[in-house]
Amino acid sequence: MNDHRLCWICEENVADTSEHALKKSDIVRAYGKGSYHNLKGKQPIHFKNGKETKLQGANSDVIKNPKDLCKQCNNTLSQPYDRAYDKFIEYVLKNSELILERRFIDFEEIYGDDFPTQQTNLFKYFIKSFGCRIYANPDFNVPRDVISIIRNDLTHFSTGLKITISINNEVINNLGKDCFHFIGKTEMPYYNLGDCPNEFGFSFREHIGWFFINYYYLIDIEPRSGVEWIADRKVLFIGEI
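Residues numbered from 1 in each chain as written. Predicted model: local features only at pLDDT ≥ 70, side-chain atom pairs only at ≥ 80, totals over all residues. Heavy atoms only, no water.

**Remarks on the pattern of salt bridges**
So, step 1. All chains considered together, the criterion is met by 17 salt bridges.
So, step 2. With its nearest N and O atoms 2.5 Å apart, the salt bridge here joins Arg103 to Glu240. Of the two residues, Arg103 is situated in the loop between helix 4 (96–102) and strand 3 (104–106) and Glu240 in strand 10 (residues 239–240); the sequence distance between them amounts to 137 residues.
So, step 3. For the salt bridge of Asp106 with Lys234, the shortest nitrogen-to-oxygen distance reads 2.8 Å. Within this pair, whereas Asp106 is found in strand 3, its partner Lys234 is found in the loop between strand 8 (211–217) and strand 9 (235–237), the two being separated by 128 residues in sequence.
So, step 4. When its relative accessible area of 32% is taken as the criterion, Lys234 is described as partly exposed.
So, step 5. Linked by salt bridges that have partners in common, Lys23, Asp26, Arg29 and Asp86 make up one network. (Salt bridge = Lys/Arg side-chain N within 4 Å of Asp/Glu carboxyl O. Helix = DSSP H or I, 4+ residues; strand = E, 2+ residues; numbered from the N terminus. Buried < 20%, exposed > 50% of the residue type's maximum accessible area, 1.4 Å probe, protein only.)

Below you can see the structure in the form of structure tokens.
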């Protein structure tokens, strides 16, 4: 793969940083910093394409994408999105029993009065995650609507990307309610949209334990996966998969 690709957001600077395919802060939260050799039998294992790799640490290359973003876009531009995501996940972990009981998330409880801005930043984090996932595959281009939202840091926008959030009861049954060390992403099937031979729909999920974020681009959401969200709800109802 070309080591001198341009950053997919600004499309001007060379992509000289690699976004983590699995969020580094999630890995650190689950397994700590430093070398994971010290964890011995509890050392995390990364599974991909049938291959198992023991993680050496949270900064291991095996959980990084090919270089996809420039420092300006990955740090200055998108840091508010990363912070909104970290606050969101910290809330989920601290309130997991409540979420399982009532099956909704109130963004005002997470972000306070600033929840309209912060839930938009959270959605932009998911856009960034989606764009990096697409850019890691040389057969596809990151959709223009996704690029525009991030590049211009838009407050109001329309997009083909829809997010739902789900609880996975199978994970709970197999690993228990406190399985937040179980972190991953599913495969990403794609769908040719017929009349537009160069336009594709995508879907995949990423999760921390039983808490699943579901991505749907230009395709219908799965009805039981939760209420469709594009940073436009104070309260988000959660589905089951």
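**With respect to the nonpolar core**
So, step 1. Of all hydrophobic cores here, the largest spans 67 residues; its most connected members are Phe88, Phe126 and Trp210.
So, step 2. Here this core gets ten residues from one element, more than from any other, and that element is helix 6 (residues 115–135).
So, step 3. Setting aside residues up to four positions removed in sequence, Phe126 forms contacts with Tyr85, Phe88, Leu161, Ile163, Glu206, Ile213, Tyr215 and Trp229. (Core = buried A, V, L, I, M, F, W, Y, C linked by side-chain atoms within 4.5 Å. Contact = heavy atoms within 4.5 Å.)

**What about helix 1 (residues 24–31)?**
So, step 1. Of all the positions in helix 1, only Asp26, Ile27 and Tyr31 are classed as buried. All buried residues of helix 1 fall inside an arc of 105 degrees around its axis, so they share one side.
So, step 2. Residues of helix 1 that are buried in the fold lie against helix 3 (79–94), strand 5 (183–185) and strand 7 (200–208).
So, step 3. Looking one or two places after helix 1, you find Gly32, whose phi comes out positive at around 90 degrees. (Arc of directions from axis to C-beta.)

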